[in-house]
2 protein chains.
Amino acid sequence: MMKKEIGIGLLGLGTVGGGVAEVLATKAGSLAEQARLPLVLKKVLERDVSKRYPAELGPNLTTTNPEEVLSHPEVDIVIELIGGEHPATEYMKRAIANGKHVVTANKEVIAKHGYELLSLARKYNVDLRYEASVGSGIPLISPFQQDLAANKISAIRAILNGTTNYILTRMAKEGLEFASTLKQAQELGYAEANPANDIEGIDAAYKLVILSNIAFRAKFVPQDVYCEGIANIAARDFLYAREFGYAIKLLAIAKKDGDKVEMRVHPVFIPQDSQLAKVDGVYNAVEVETDLAGKLVFYGEGAGGLRASSAVIADVLAIARNIYRGVNNVPELRLDRRITVKPVSDVKTRYYLRLNAPDRPGVLAQISKVLGDNSISISSVIQKESDPAAQTAIIVIMTYPAEEKGMQKALKQLKQLPVVNEVSNFIRVEES
Amino acid sequence: MMKKEIGIGLLGLGTVGGGVAEVLATKAGSLAEQARLPLVLKKVLERDVSKRYPAELGPNLTTTNPEEVLSHPEVDIVIELIGGEHPATEYMKRAIANGKHVVTANKEVIAKHGYELLSLARKYNVDLRYEASVGSGIPLISPFQQDLAANKISAIRAILNGTTNYILTRMAKEGLEFASTLKQAQELGYAEANPANDIEGIDAAYKLVILSNIAFRAKFVPQDVYCEGIANIAARDFLYAREFGYAIKLLAIAKKDGDKVEMRVHPVFIPQDSQLAKVDGVYNAVEVETDLAGKLVFYGEGAGGLRASSAVIADVLAIARNIYRGVNNVPELRLDRRITVKPVSDVKTRYYLRLNAPDRPGVLAQISKVLGDNSISISSVIQKESDPAAQTAIIVIMTYPAEEKGMQKALKQLKQLPVVNEVSNFIRVEES
């Protein structure tokens with residue numbers, strides 16, 4: 001049966017959904033030319049009937065009933081842009097079971113249920129694409145799957161959350177503290193009213209899981225990622241970082257060592273002259289280490305309705321071209337079953353430690369002994385800003401590479417040490 | 001007919017050809033799994049019979065007769081890696097006419113004859129892919145064609161030549177002059193014995209043509225690119241650039257303005273804090289401005305046998321998958337016939353000018369008048385390093401945006417001005 005058009009069903013008319021609807025309308029001619037068939041919006045699910053949507057959408061195009069999209073007979077591709085785990089997961093499953101191809105920007109669903117959904121798509125002979133789920137409009141999923149296909153990927157280091165990178169950039173450049181910077185970011189719309197998912201690294205962890213599952217042919221889930229947020233970072237940490245030649249970034253890191261993969265999201269010291277250190281503001285960047293192509297970096301804005309619509313519509317066009325050519329493309333699932341998670345306790349890095357201690361002789365000796373007892377060697381130490389009144393000093397320590405489990409033990413012991421008033425901060429170092 | 005393997009014919013066993021042969025041998029299992037069929041090297045053209053090649057290639061696999069590859073009955077894909085315009089162009093045409101798919105890393109052939117070859121491939125129902133021709137292992141062709149398909153691209157700014165970027169980086173960091181840096185680069189293997197193609201910007205111009213033809217749906221040729229090399233840049237230009245907040249890079253620039261596209265390769269002042277200013281050494285980077293995805297940067301090493309083999313084999317895998325699935329993929333040719341070249345004389349930029357003049361009153365007034373007569377306004381001027389013995393001074397001028405044709409007229413007049421000893425250098429400014 002010769003198709004005359006590609007029917008699109010859209011779930012959600014928020015920032016991204018509105019952007020996609022707008023682009024489908026304003027670029028209809030150019031998109032039809034590329035797909036060889038017109039892309040026609042058939043039905044749009046939007047629970048908020050008052051929501052503004054592009055004038056080009058007729059009033060009878062929107063519905064509050066998901067079934068009208070998911071089982072619409074003329075819909076070939078369902079675009080899921082409502083976000084969140086539920087009911088998006090269920091909607092996608094129903095769309096797939098109804099034989100619809102699915103395009104989504106939903107990082108949470110793909111990180112948590114990606115393998116299940118991709119298997120389901122194979123079963124029902126449909127495609128499931130999610131380029132917009134990581135890095136928004138930055139091409140990542142497709143380069144990882146296609147362009148790097150001949151490579152073994154050994155490491156991913158990435159700035160995957162624009163909100164936290166914006167906050168860290170302002171703290172670094174203006175000497176601000178975290179709380180006030182977050183507040184300003186919220187006022188400017190760069191951080192949400194409830195910023196927990198961004199600030200605590202959860203959003204970045206979802207995206208890291210998605211990239212890692214492609215890179216290492218695994219089926220990791222978000223719980224496999226060790227996750228720490230940025231709320232503990234103080235303005236003075238940036239000063240000390242700079243003194244040692246480092247910037248502070250919230251990095252998502254995945255590294256393969258034999259059959260084990262470590263995955264973690266936490267603030268790091270990274271060398272000031274590395275490419276990732278230079279990624280400022282709301283920009284995202286993904287650095288990937290490969291055996292053939294060497295080190296690559298993909299850089300761009302990681303959020304926004306238009307940005308995401310670039311990736312969503314690229315996915316739609318890829319599916320539309322296959323429909324036109326009569327090609328039945330289903331997701332590939334080539335699991336490497338040997339792959340397991342390397343626990344964070346086995347990770348080895350250098351550490352930055354900031355302590356508050358009484359300003360008197362012998363203190364450093366006791367601190368060094370605790371570290372030494374846990375096989376941690378000090379590479380340099382600076383005593384900072386003694387407070388003569390309180391007779392306290394700030395002690396900043398950089399260690400040589402040491403195992404996380406030793407460091408965690410040392411931190412507990414340091415906290416109990418009478419000569420340590422406070423372990424103020426502790427940040428891992430990532431030499432890229 | 002069910003295929004049992006994908007037959008590969010290889011032209012050339014140099015740096016890239018040797019890398020590809022090695023990867024085909026060492027990764028045979030993983031590649032066969034991805035392609036669903038073994039990739040089997042059937043015949044290799046190498047005129048130099050003494051050339052070392054991987055032991056895995058049997059002795060009867062190499063030939064000095066191109067026909068044995070181009071019309072080998074079991075070859076499905078011909079990989080062209082001999083480089084240069086001739087006879088590579090003719091070999092590719094014959095391979096296509098014989099019904100072979102072609103993968104190439106040949107920037108010169110694709111820049112000069114791309115449209116003709118792609119048309120020929122369409123005629124003979126075969127695919128022609130050239131991911132390795134620009135940026136080596138950095139994914140560029142495929143992201144431009146697929147991932148950015150929904151976007152309008154308005155500008156490309158790129159560091160596309162590792163040799164010149166290596167030389168400029170060392171000049172900037174070590175205060176060296178061009179000639180000695182080039183000599184060292186040659187000794188270290190970062191520049192060829194005959195470096196003209198790199199140094200004069202020709203290599204970068206080829207790559208810019210290839211990217212522009214995809215981005216703007218055009219059929220530009222290398223002559224459409226205005227081209228200037230780096231041999232005129234002096235150590236002191238880097239000092240003055242830094243004083244004004246700029247770095248100096250050899251950029252390849254393409255910008256769309258209505259239906260006109262300007263394309264040029266020349267040294268530029270770019271802001272020190274831009275992403276491209278931070279690309280050092282042999283690395284390449286391509287910045288692309290789009291309407292939907294915003295500004296993206298792709299970064300990585302732009303040369304080397306293994307790097308290129310990543311892209312070549314990605315192309316081979318893409319074709320192999322189509323063969324396996326019975327999909328007849330041919331190159332798309334969607335020309336926008338309104339597109340024309342904007343002559344460099346119509347380009348408007350800011351300029352940096354370095355002059356040598358007698359150190360006496362009234363000189364600057366005469367220089368300003370010449371510039372003013374050609375509608376060029378000075379934004380700042382610094383008099384540098386007066387030489388009391390010779391009674392000369394160095395005058396450094398930054399202008400406001402002005403048209404190239406006015407500047408070229410002014411330069412001629414300045415050279416004839418009695419109060420100007422020398423127009424020592426003149427560099428365009430690119431504010432990204």
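All values derive from a computational prediction rather than experimental measurement.

### Some remarks on the overall build of chain A
Each helix and strand in chain A was counted, giving 14 helices and 18 strands. In terms of principal-axis extent, the alpha carbons of chain A reach across some 85 × 45 × 35 Å. Burial status across chain A gives 50% buried among its 432 residues. For chain A, long-range pairs separated by at least 24 residues make up 75% of all intrachain contacts whose partners lie at least 6 apart in sequence.

### With respect to the sheet that holds strand β6 (residues 128-129) of chain A
Residue and element names in this part refer to chain A. An order of β3-β2-β1-β4-β5-β6 is seen for the 6 strands of this open sheet, with the pairing classed as parallel. The open sheet is flanked by β3 (62-63) and β6, the only strands paired with a single partner. Across 2 bridges, strand β5 (residues 101-104) lies against β6 in parallel orientation. By the bridge assignment for β6, Val-103 is matched with Arg-129. Where helix α12 (residues 305-325) meets the sheet, it contacts β1 (6-11), β2 (39-45), β4 (77-80), β5 and β6, and its direction lies at approximately 165 degrees from that of β5.

### Let's talk about the nonpolar core
Ile-79, Leu-208 and Val-316 of chain A together with Ile-79, Leu-208 and Val-316 of chain B are the most contacted members of the largest nonpolar core, which totals 281 residues. In contact with Ile-79 of chain B, other than residues within four places in its own chain, are Ile-8, Leu-10, Leu-11, Val-20, Val-103, Val-312 and Val-316 of chain B.

### A few points about the relation of the copies chain B and chain A
Of the transformation superimposing chain B on chain A, the axial component is 0.0 Å and the angular component is 180 degrees, with the fit at an RMSD of 0.0 Å. The superposition of one copy onto the other is thereby described by a two-fold rotation axis. Of every C-alpha in chain B, the one belonging to Phe-298 of chain B sits nearest the axis of rotation, 2.5 Å from it.

### What about the packing of helix α13 (residues 363-373) of chain B against helix α14 (residues 404-416) of chain B?
Residues and elements named next belong to chain B. At a minimum axis distance of 9 Å, the contact between α13 and α14 shows a crossing angle of 150 degrees. Considering the angle they form, α13 stands roughly antiparallel to α14. In this structure, α13 meets α14 at a crossing whose hand is right-handed. Of the residues in α14, those touching α13 at Ile-367, Val-370 and Leu-371 are Ala-410, Gln-413 and Leu-414.

### Observations concerning the pairing of strand β1 (residues 6-11) of chain B
All names here are of chain B. With 6 of 6 residues buried, β1 lies mostly within the body of the structure. Burial of the side chains of β1 extends over both faces: Ile-6, Ile-8 and Leu-10 are buried on one face and Gly-7, Gly-9 and Leu-11 on the other. One ladder, built from 4 bridges, connects β1 with strand β4 (residues 77-80); its direction is parallel. Residue Gly-9 lies in a different strand from β4, and its bridge partner there is Val-78.

### Some words on the environment of Pro-401 of chain A
All names here are of chain A. Looking at the secondary structure, you find Pro-401 in the loop between β16 (392-399) and β17 (402-403). Sequence separation between Pro-401 and Lys-207 is 194 residues, and the spatial gap between their C-alpha atoms is 27 Å. Ignoring sequence-local partners within four residues, the contact set of Pro-401 consists of Lys-348, Thr-349 and Arg-350.

### Considering the interface of chain B and chain A
Counting from both sides, the interface comprises 40 residues of chain B and, opposite them, 41 residues of chain A. Elements that contribute at least two residues to the side of chain B that touches chain A include exactly α2 (28-35), α6 (141-147), β12 (295-301) and α12 (305-325) of chain B. The leading source of residues in the side of chain B that touches chain A is α12 of chain B, at 9 residues. In terms of strand pairing, strand β12 (residues 295-301) of chain A meets β12 of chain B through 3 bridges, oriented antiparallel. Paired with Val-297 of chain A across the strands is Tyr-299 of chain B, a residue of β12 of chain B.

### So, the pairing of strand β2 (residues 39-45) of chain B
Residue and element names in this part refer to chain B. The buried fraction of β2 amounts to 6 of the 7 residues, a majority that puts the element mostly inside the structure. Looking at chain direction, β1 and β2 are connected through 6 bridges and run parallel. Paired with Leu-10 across the bridge in β2 is Val-44. Looking at chain direction, β2 and strand β3 (residues 62-63) are connected through 2 bridges and run parallel. Counterpart to Val-44 in the pairing with β3 is Thr-62.

### Concerning helix α5 (residues 107-123) of chain B
Residue and element names in this part refer to chain B. Of all bends in α5, the biggest is about 85 degrees, found at His-113. Among all positions in α5, only Lys-107, Glu-108, Val-109, Ile-110, Ala-111, Gly-114, Leu-117, Leu-118 and Ala-121 are buried. Two residues or fewer after α5 comes Asn-125, characterised by a positive phi angle close to 60 degrees.

### Quick notes on the packing of helix α1 (residues 15-26) of chain B against α12 of chain B
Residues and elements named next belong to chain B. One way to put it is that α1 packs onto α12 with a least axis distance of 8 Å and a crossing angle of 60 degrees. As α1 runs across α12, the sense of the crossing is right-handed. Residue-level inspection shows Thr-15, Val-16, Gly-18, Gly-19, Val-20 and Val-23 of α1 in contact with α12, the latter providing Gly-305, Leu-306, Ala-308, Ser-309, Val-312 and Ile-313. Partitioning the contact of α1 with α12 into residue classes produces 7 nonpolar, 5 polar and no charged.

### Re the sheet that holds β4 of chain B
Hydrogen bonds along the backbone pair up the strands of a sheet, which may run parallel or antiparallel. Spatially, β3-β2-β1-β4-β5-β6 (chain B) is the arrangement adopted by the 6 strands of the open sheet, whose pairing is parallel. With one partner strand each, in any of the chains shown, β3 and β6 (128-129) of chain B form the two edges of the open sheet.

### Some details on unusual backbone geometry
Residue Pro-87 of chain A is bonded to the preceding His-86 of chain A through a cis peptide linkage, with omega at 0 degrees. If you trace the backbone, Pro-87 of chain A turns up in the loop between β4 and α4 (88-97). One non-glycine residue, Ser-136 of chain A, adopts positive backbone phi at about 55 degrees. Of note, Ser-136 of chain A is situated in the loop between β6 and α6 (141-147). Even without a glycine there, the phi angle at Arg-217 of chain B is positive, about 50 degrees. Assignment of secondary structure puts Arg-217 of chain B in the loop between α10 (202-215) and β8 (226-227). For Arg-217 of chain B, a count of 16 C-beta atoms within 10 Å puts it in the partly exposed group.

### Concerning the confidence of the model for chain A
When the pLDDT values of chain A are averaged, the result is 95; 97% of them are 70 or greater. With pTM at 0.97, the complex prediction returns an ipTM value of 0.96.

### Some thoughts on the domain arrangement of chain A
Reports of interface size often rely on the accessible area that becomes lost once the parts have come together. Residue and element names in this part refer to chain A. Structurally, chain A comprises domain 1 (6-137 + 305-325), domain 2 (141-301) and domain 3 (348-429). The straight-line distance from the C-alpha centre of domain 1 to that of domain 2 is 28 Å. No other element matches the 7 residues that helix α5 (residues 107-123) contributes to the side of domain 1 that touches domain 2.

Rules used in this analysis
- Residues numbered from 1 in each chain as written.
- Chains lettered and ligands numbered in written order.
- Predicted model: local features only at pLDDT ≥ 70, side-chain atom pairs only at ≥ 80, totals over all residues.
- Helix = DSSP H or I, 4+ residues; strand = E, 2+ residues; numbered from the N terminus.
- Buried ≥ 20, exposed ≤ 12 C-beta atoms within 10 Å, placed from the backbone.
- Contact = placed C-beta atoms within 7 Å.
- Pairing = 2+ DSSP bridges.
- Axes fitted to C-alpha atoms, helices over the stretch in contact; angles between N-to-C directions.
- Core = buried A, V, L, I, M, F, W, Y, C linked by C-beta atoms within 7 Å.
- Least-squares fit on C-alpha atoms with pLDDT ≥ 70 in both.
- Parallel < 35°, antiparallel > 145°, perpendicular 65-115°, else oblique.
- Left-handed = near helix turned anticlockwise from the far one by under 90°.
- Bend = angle between axes of the 7 residues up to and from the residue.
- Nonpolar A, V, L, I, M, F, W, Y, C, P; charged D, E, K, R; others polar.
- pLDDT = per-residue confidence, 0-100.
- Domains from an automatic or database assignment.

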